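# Inside the fold
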Amino acid sequence: MTEVLRYAAFTTDPAAGNPAGVVLDAGALTEPDMQAIAADIGYSETAFLTATGPGEYDVRYFSPQAEVPFCGHATIASAVAVAERGGTGELTFRTRAGTVPVATARDADGRPTATLTSVAPADAPVPPDDLAEALAALGWAAGDLDPALPPAVAYAGAHHLIIGAGTRQRLAALDYDFDRLRELMLRRDWTTVALVWRAAGTEFHVRNPFPVGGVVEDPATGAAAAAFGGYLRTRGLVEPPVTLRLHQGADLGRPGLLVVDVPVTGGIRVTGTAVVMPPVEG
């Protein structure tokens with residue numbers, strides 16, 4: 001029987017952050033096996049690791065409904081699980097999006113942490129018709145947006161539509177048309193929609209609708225955080241090198257913190273903790 005570990009990522013509280021499934025020995029599993037396990041677990045993503053050498057893994061990520069090329073929170077959870085069993089150090093995750101280096105260490109309290117370095121980020125403007133359809137599905141008006149954070153499609157392993165909210169209240173009041181947004185995202189190959197509100201210069205609150213994965217909202221999204229860091233750098237909205245703090249999940253009752261380092265060039269670094277979740281009863 002396949003052992004599935006359950007971790008909450010980007011938190012030290014099992015009742016907070018973003019739950020992820022982790023399978024550390026997936027070598028004997030077929031793609032349908034992985035999809036079935038991810039659907040059974042029901043978390044936004046489950047990571048399946050196959051060791052290819054010391055500290056090196058082939059990694060695949062599945063939501064309850066489909067495979068995704070890269071997932072940040074399941075990467076953090078997987079790296080912490082590896083560190084807890086074999087010690088901290090440098091890891092290499094080979095994903096469908098490319099090679100992702102992951103460094104594990106211990107914080108001041110002795111807890112394992114993980115820092116992933118994304119593939120090269122990129123972003124592009126959103127076609128006006130796509131933006132109009134996304135806003136209609138969200139129930140947002142043009143006046144709800146923050147003009148200082150222009151909409152874009154950002155990439156750092158997966159594509160995410162980025163929309164800036166003008167107020168914290170607008171971000172908090174998330175009630176969208178699941179099927180309509182899902183259809184648009186499937187047509188455009190968007191993994192999540194990253195809704196962001198800038199609380200201060202480097203402090204943001206974030207929400208990520210994820211209907212293409214069969215999940216209303218992802219509580220903490222490392223891949224989108226990396227894409228967002230790249231977007232801010234490209235648009236000149238931060239001055240690198242800089243560290244961002246992204247708060248996510250509070251509106252779901254699962255608060256988490258994503259620390260995003262934006263260097264002058266190269267991949268974006270996302271750091272977080274992860275903690276084992278209690279066994280599922282029944």
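Let me sum up the structure you'll find in this document. Here the structure is a predicted model, which is why all the values come from computation and not from measurement.

## Remarks on the overall build of the protein
- A count of helices and strands for the protein gives 6 helices and 17 strands.
- Taken over C-alpha atoms, the radius of gyration comes to 18 Å for the protein, in line with the 19 Å a tight globule of 282 residues would show.
- Sorting the 282 residues of the protein into buried and exposed places 54% on the buried side.
- Long-range contacts, defined as pairs at least 24 residues apart, comprise 64% of the intrachain contacts of the protein with a sequence gap of at least 6.
- Within the protein, the 32 negative side-chain charges are centred at a point lying 3 Å from the centre of the 20 positive side-chain charges.

## Some details on the packing of helix 3 (residues 128–138) against helix 5 (residues 178–188)
- Packing of helix 3 against helix 5 leaves a shortest axis separation of 8 Å and a crossing angle of 150°. If you check the angle between helix 3 and helix 5, you find them roughly antiparallel. The chirality of how helix 3 crosses helix 5 is left-handed. Here helix 3 contributes D130, E133, A134, A136, A137 and L138 to the contact with helix 5, which in turn contributes R180, L181, L184 and R188.
- Classifying every residue of the contact of helix 3 with helix 5 gives 6 nonpolar, no polar and 4 charged.

## Comments concerning the packing of aromatic side chains
- Applying the stated criterion across every chain, the model contains 6 aromatic pairs.
- Among the aromatic residues, ring-to-ring pairing joins F204, F228 and Y231 into one connected group.

## Things to note about helix 3
- Residues D130, L131, A134, L135, A137 and L138 constitute the buried set of helix 3. Across the axial projection of helix 3, the buried residues extend over an arc of 160°, all falling on one side. For helix 3, the exposed residues set more than 90 degrees away from the buried face come down to P128 and D129.
- The inward-facing, buried residues of helix 3 abut strand 11 (159–164), helix 5 and strand 12 (192–198).
- Immediately beyond the C-terminal end of helix 3, within one or two residues, lies G139, with a positive phi of roughly 80°.

Conventions and cut-offs
- Positions within a chain are numbered from 1, following the residues in the order the chain's sequence is written.
- Owing to the predicted nature of the model, reporting of local features is limited to residues with pLDDT of at least 70; listing and counting of side-chain atom pairs is limited to 80 or more, with chain, interface and lining totals taken over all residues.
- Hydrogens and water molecules were not included; the side-chain quantities draw on all heavy atoms of the structure.
- A run of H or I in DSSP becomes a helix once it reaches four residues, and a run of E becomes a strand once it reaches two; helices and strands are each numbered from the N terminus.
- Only C-alpha atoms enter the radius of gyration; for comparison, a globular chain is expected to reach 2.2 Å times N to the power 0.38, where N is the number of residues.
- Per-residue accessibility, obtained with a 1.4 Å probe over protein chains only, is compared with the maximum for each type, and a residue is labelled buried under 20%, exposed over 50%, and partly exposed between these values.
- Pairs of residues are marked as contacts when any of their non-hydrogen atoms sit within 4.5 Å.
- Under the convention used here, Asp and Glu are negative, Lys and Arg are positive, and both His and the chain ends fall outside the count.
- Working definition for charges: the position is that of NZ of Lys, CZ of Arg, CG of Asp or CD of Glu.
- Note on definitions: angles span 0 to 180 degrees between N-to-C directions of axes, and those axes are lines fitted to C-alpha atoms, for helices only across the stretch in contact.
- Every angle not falling under 35 degrees, over 145, or within 65 to 115 is termed oblique; those three ranges are roughly parallel, roughly antiparallel and roughly perpendicular.
- Crossing chirality is assigned from the near helix's rotation relative to the far helix, an anticlockwise turn below a right angle marking it left-handed and a clockwise turn marking it right-handed.
- Throughout, the ten residues Ala, Val, Leu, Ile, Met, Phe, Trp, Tyr, Cys and Pro are labelled nonpolar, Asp, Glu, Lys and Arg are labelled charged, and all others, Gly among them, are labelled polar.
- Aromatic rings from Phe, Tyr and Trp, taking only the six-membered ring of Trp, are treated as a pair when their centres fall within 6.5 Å; an angle between ring planes under 30 degrees marks them as stacked, one over 60 as edge-to-face, and anything in between as tilted.
- Read the arc as the range of directions from the helix axis to the C-beta atoms.

These figures capture arrangement, not role.
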